[in-house]
Amino acid sequence: MLTKSAAKAFFLGGTALCSIAFVLLSMDTLAQFPERSNQDEMTESVVRGHMIWNKNNCMGCHTLLGEGAYYAPELTQVVKRRSDVWLTEFLKDPERMFPGRRKMVKYDFYDADEVGAEEAKKNIDDTLAFFHWVARIDTNGFPAEPDMAPANALATAPIAANSILNAAPEYVKSVCIGCHSIEGQGGTVGPALDGVADRFDAEYLRKWVADPLSVKPDTTMPNLGLKGEQLDDILNFLGTLKEN
Amino acid sequence: MRFQSQKIAWYFFAACMGLFVLQLIYGFILGFDRMGWEGLHEIIPFNVARATHTNLLVVWLLAGFMGAAYYIIPEEADREIWSPKLAWIQYFSLLAVGVVAIIGYHFNIWEGRKFLEIPRPLDYLVVVNVLAFLFNILMTIWKGKRMTTTAMVLFFGLLTAALLYLPGMWTFDNLVHDSYFRWWVVHLWVEGVWELIMGAILSFLLIKLTGVDREVIEKWLYIIVGFTFLSGILGTGHHYYFTGGPSYWLMIGGVFSALEPLAFLGMALYAIAMARRGGRKHPNRIALSWTIGCAVMSFVGAGALGFAHTLPQVNLWTHGTLVTAMHGHMAFWGAYCMLILALISYALPEMTGRKNYKGWMPEWAFWCSNIGMICMTGAFAVMGVAQVYLERKAGMDFLDVQEGLEVHAFALILAGALFTFGIVLFVKNFISYGLPSDEAMIANASEADATASDSGSTDAIDGAAAPQA
């Protein structure tokens, strides 16, 4: 029959062995981290982005490398799902991209009293730099590609070769089609844009895109603050969307 | 209760009750958020409520462990606490640090690292506080009349828990590095050294409640904590699968964390076997229910549900989903919350002299809270598994899936309400006992002398004879 001292020896011996093994493995792991995480590509901007991530407790809702709180999307590969243009627009005011849906706090990514325009832009750029760096970490295959996926028509699906979208400005391809569809490609939140130039004249469209709320106060379409050349490019493209 | 200074444990337990109730309130905020009712978003957004919910748990469990030590160590060492004054200072400073940290979260003052959100200056205060606590406990054991295995395992658990707090204060610019050491704290606490504390408190309760000989109980205590470390230390690897670590962690983490349920199974079988074997019918049956309940629910929550998603082939899909919340809730409830509630149930009549463990209220507290937690775990399981298949495997959009799951968040809230009803009964029962009194101490002491069934261990310094139970 097992004695108490034998039991004690089992406890102490087992613990010591496992602890030694764990420390040795940890040393090897730490030595591999710089290469596996591309530490040499961690620019000042990446580090500052990491700081912004921590400071706002982003993992209190999101997950990154699968670690966090499962209330908001997993962000390890976010830069592959969404373009930088889309992410920039989103961070400025998260709720306007998903009106009436799950909320995200508006952090120091927009030009408010406390943060100047320059500071806000830097915050966004650094955060995106951090995400671009994270996306290249060797994570042993996480997150896995969906293996039961039907051929789905998400906004992120590649644009077909003969689509009119190929001629669209980058902003339309990554932001507008988050909600609107063109030739069946894009979101279903707002109406499809096929033939939009037949339905509305150029002046009305300009007014609507530049400031939707001034045309229709209860619309869910956000004011994206578009102006100048960017607004012209978008309207020129919309003008080509004719069916007749 | 045999020593006057043990009374301080009551104040730690009272703090546990208050913080626990507050934790549940924040749990409801999180549940309603998930249901789509984000009315408090402007004041308490999800990440604030989440940090508060988990940190309140950590603070009240730590307060519970400290209270447990202040209650158990004098009895095991057979003397008063070395410095009750230091214990009081430590009590108030712990509460102050905890409350300041939690208020700070509401103003974005935090480190933003899951479970270790507490800001750096407060980290140092926690360290000083815990050092004072450990010193007090160590001096009590050192100057005591005997040195039991139970006391030593408890002290070793508390000491290593304090030491393992330190890697969490080591931060790195590299996210991968940062995450690596964060798990040294979180994993090696809850699946490592906290289980020593758990084993020791369970031993103490089983010795008191079942009357089984100390030698037998403590022998099995060594075996169980031995298995805990054998599996738990290298089992840390299950946090390193997909967070930037080399691929050998898939194998090592997988194999060793598959063994982790054995330690918990051992704990459950041990509690059940000792309770059956015990000759003594201790009148406080509800304390025994909590004790065995703790061992069984920790096996189900931490052991079985942990195993359900710990293998790398499964975890590739479940990592970072609500499946983790399913496991986390029952694991913490079974292993650590029930443990503290078990000790409180045992200690209250001893400290106050009132026998309020009779009647319907403590029984209903036990059953409602446990059934409520099982239902909550079920709701999380449905949400987690649905999320894995729809989002991870079928590639649906995150928010679309989450909105589809809102109805299950409603089920979660209903289950949480039943759980909360149980806890409110427990707190009402706690209050009904009133304050600890010295008369109770004297009465208990004479009773203990008369039965003298808590035999000394062979480790005992005074070499007390060990009559067989």
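Residues numbered from 1 in each chain as written. Chains lettered and ligands numbered in written order. Predicted model: local features only at pLDDT ≥ 70, side-chain atom pairs only at ≥ 80, totals over all residues. Heavy atoms only, no water.

### Brief notes about helix α7 (residues 214-235) of chain B
And step 1. For α7 of chain B, which comprises 22 residues, the first-to-last C-alpha distance of 31 Å matches the rise-based estimate of 32 Å (1.5 Å per residue) to within 8%.
And step 2. With 18 of its 22 residues buried, α7 of chain B lies for the most part within the structure. (Helix = DSSP H or I, 4+ residues; strand = E, 2+ residues; numbered from the N terminus. Expected span 1.5 Å × (residues − 1). Buried < 20%, exposed > 50% of the residue type's maximum accessible area, 1.4 Å probe, protein only.)

### Side note on unusual backbone geometry
And step 1. Omega for the bond connecting F142 of chain A with P143 of chain A falls within 30 degrees of zero, at -10°, which places this linkage in the cis form.
And step 2. Phi is positive for D78 of chain B, close to 60°, though the residue is something other than glycine.
And step 3. Mapping D78 of chain B onto the fold places it in the loop between α2 (46-77) and α3 (84-105).
And step 4. By relative accessible area, which is 18% here, D78 of chain B ends up buried.
And step 5. Unlike most non-glycine residues, F115 of chain B shows phi in positive territory, near 75°.

### A look at the domain arrangement of chain A
Residue and element names in this part refer to chain A.
And step 1. Once the domains are mapped, chain A shows domain 1 (38-135) and domain 2 (164-239).
And step 2. Distance from the C-alpha centre of domain 1 to the C-alpha centre of domain 2: 25 Å.
And step 3. Together domain 1 and domain 2 conceal approximately 760 Å² of surface at their shared face, both sides included; 67% is due to carbon and sulfur atoms.
And step 4. Per-residue buried area on domain 1 facing domain 2 is highest for V85, E89 and R96; these three make up 51% of the total on that side.
And step 5. Our count for the contact surface shared by domain 1 and domain 2 stands at two residue pairs in polar contact (both at pLDDT 80 or more).
And step 6. Contributing elements (two or more residues each) for the side of domain 1 that touches domain 2: α4 (84-92) and α5 (94-97). (Domains from an automatic or database assignment. Buried area = accessible area lost by both parts, 1.4 Å probe. Polar contact = N/O pair within 3.5 Å; in protein donor to acceptor, adjacent residues only side chain to side chain.)

### Section: a nonpolar patch on the surface
And step 1. A cluster of nonpolar side chains, M251, V255, L259, L262, L265 and L269 of chain B, forms an exposed patch at the surface whose accessible area comes to about 530 Å².
And step 2. Checked against the element boundaries, L265 of chain B lands in helix α8 (residues 248-277). (Patch = residues over 30% accessible without salt bridge, like charges linked within 9 Å, V, L, I, M, F, W, Y side chains within 5 Å. Areas by Shrake-Rupley, 256 points an atom, 1.4 Å probe, with all protein chains shown as cover. Salt bridge = Lys/Arg side-chain N within 4 Å of Asp/Glu carboxyl O.)

### Some remarks on the interface of chain B and chain A
And step 1. On the chain A side, the residues contacting the 79 residues of chain B number 72 residues.
And step 2. When the buried area of chain B at its contact with chain A is split by residue, L175, K219 and Y222 of chain B rank highest and sum to 10% of it.
And step 3. Our count for the chain B to chain A interface comes out at six salt bridges.
And step 4. Among the ionic pairs, R182 of chain B bridges to E67 of chain A, the shortest N-O distance being 3.0 Å.
And step 5. Where chain B meets chain A, there are 36 residue pairs in polar contact (both at pLDDT 80 or more).
And step 6. Counting residues per element, the side of chain B that touches chain A draws most heavily on α7 of chain B, at 13 residues.
And step 7. The residue makeup of the side of chain B that touches chain A, split by class, is 38 nonpolar, 22 polar and 19 charged. (Contact = heavy atoms within 4.5 Å. Nonpolar A, V, L, I, M, F, W, Y, C, P; charged D, E, K, R; others polar.)

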